[in-house]
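# What the coordinates show
Residues per chain are reported as follows:
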Amino acid sequence: MNGLELARYYYETAGKQALERQVPDLVPRLAIGLAGEGSECFGLDDELSRDHDWGPAFCIWMTEEDFVKHGVQVQAVYRGLPDAVAGFSVRKSGIMSSGRVGCLCIEDWYRRYTGYAHGPETLAQWRQIPESFLATATNGEIFADPLGVFMSIRQKLLAYYPEDIRIKKIVARAATMAQAGQYNYPRCVRRGDTVAAQLAMAEFANATMSMVYLLNRRYAPYYKWIHRGMKNLERLPRVAVQLEKLSRGEGEAQEIIEGICLNVSAELRRQQLTTREDTFLIDLCADMMQRIQDPKLRQTHIMQE
């Protein structure tokens, strides 16, 4: 079993009965699942992931009011669960991973990743939140939430960015892809500046992966998992393969870069974000900016999120 499957198994075979037996009056007010930090919450864990912060574990989320009144009691129930299940020892939290599982406060949990107890409300608030934090706040699986408070905030985040924010981020990614990959990378290579060339390539790859997530209306995760997660996306699956070839030095780098930009520009037109046929992505930015409704956001620099 992977981490998410193991978490559900641990809850259903041990946690659920313990909670129903020891705190029956609170069970209808508890949200249960596994989400947050860690490769297992993205479904991307493997055998190498098991060397730290991995093992049977799940989250019990409570409203702030309930957490203040009953959090210690519920955490005691969680700590009393079996030390192993399905042949795996339960997760032992380290200094850098405390507060990921067990009894947690809903408002504090969302505040940790978004800065707001119930998620962002305004465009300015949405702009402040790192994309990987939103991916972390919406990953994993929820096994139960009879009260519905946790899921109501989660569903608001899963509805994705307001369209103005999404378009602005897409513009910024297009500008970076053009500047770093289509323009600066070949110039650095011609100068023999290999360090700058590698930095330009990294900027291009990072912007490209974020662009693909934005075009799929999915939050891009932490850099370690961003490429692996692309393989599960519906739009532009070919770009993940192209980036692999680029990273391995298979084929002419500039041809691959231009091929990626060609695919991205076609998808931008398919989503009616631009009508321009250009493949030099920075030439599409002004046209896309005009589709932003908020006047203040529409006036920002194209490379600014």
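Structural notes, computed from the coordinates.

Our next topic: the overall build of the chain. The helix and strand tally for the chain stands at 13 helices and six strands. In terms of overall dimensions, the chain has C-alpha extents of about 70 × 45 × 30 Å along its principal axes. The proportion of buried residues among the 305 residues of the chain is 52%. A fraction of 70% describes how many contacts in the chain between residues 6 or more apart in sequence connect residues 24 or more apart. Here the chain displays about 14,900 Å² of accessible surface, and carbon together with sulfur accounts for 50% of that area. Measuring between centres, the 37 positive side-chain charges of the chain sit 2 Å from its 38 negative side-chain charges.

Before going further, it helps to spend a moment on the environment of Cys41. Note on placement: Cys41 falls in the loop between strand S1 (31-34) and strand S2 (59-62). Separated by 172 residues in sequence, Cys41 and Tyr213 place their C-alpha atoms 18 Å apart.

Bringing the packing of aromatic side chains into the picture now. By convention here, two paired aromatic rings are described through the distance between centres and the angle between planes. Inspection of every chain in the model, using the stated rule, returns 17 aromatic pairs. Ring geometry for Trp61 and Trp109: centres 5.5 Å apart, planes at 75°, overall edge-to-face. Separated by 48 residues along the polypeptide, Trp61 in strand S2 and Trp109 in helix H3 (residues 106-114) bring together distant segments of the chain. The same class applies to Trp61 and to Trp109, which are both buried. On the basis of an interplanar angle of 90° and a centroid distance of 5.1 Å, the ring pair of Trp109 and Tyr110 is categorised as edge-to-face. Grouping aromatic residues by their ring pairs yields a cluster made of Tyr10, Tyr11, Phe58, Tyr78 and Phe143.

Looking now at the pattern of salt bridges. Evaluation of the coordinates by the stated rule reveals 20 salt bridges. A salt bridge links Glu141 to Arg8; its shortest N-O distance comes to 3.5 Å. With Glu141 in strand S6 (residues 141-144) and Arg8 in helix H1 (residues 3-22), this residue pair connects regions lying 133 residues apart in the sequence. With a closest N to O distance of 3.6 Å, Arg100 and Glu37 form a salt bridge. Pair noted here: Arg100 is in the loop between strand S4 (88-89) and strand S5 (102-105) and Glu37 is in the loop between S1 and S2, with a separation of 63 residues, a long-range link. For Arg100, a relative accessible area of 15% translates into the label buried. Using a relative accessible area of 25% as the deciding quantity, one classes Glu37 as partly exposed. Salt bridges linked by common partners bring Glu131, Lys169, Arg173 and Glu305 together as one network.

Before going further, it helps to spend a moment on the environment of Tyr161. Tracing the sequence through the fold places Tyr161 in the loop between helix H6 (149-158) and helix H7 (163-191). Sequence spacing of Tyr161 and Ala197 is 36 residues, and the spatial spacing of their C-alpha atoms is 33 Å. Excluding residues that lie within four positions of it along the chain, Tyr161 makes contacts with Trp126, Glu131, Leu134, Arg166, Lys169, Leu214 and Tyr219.

Criteria and thresholds
Residues numbered from 1 in each chain as written. Predicted model: local features only at pLDDT ≥ 70, side-chain atom pairs only at ≥ 80, totals over all residues. Heavy atoms only, no water. Helix = DSSP H or I, 4+ residues; strand = E, 2+ residues; numbered from the N terminus. Buried < 20%, exposed > 50% of the residue type's maximum accessible area, 1.4 Å probe, protein only. Contact = heavy atoms within 4.5 Å. Areas by Shrake-Rupley, 256 points an atom, 1.4 Å probe, with all protein chains shown as cover. Lys, Arg positive; Asp, Glu negative; His and termini not counted. Charge placed at Lys NZ, Arg CZ, Asp CG, Glu CD. Phe/Tyr/Trp six-rings, centres within 6.5 Å; stacked < 30°, edge-to-face > 60°. Salt bridge = Lys/Arg side-chain N within 4 Å of Asp/Glu carboxyl O.

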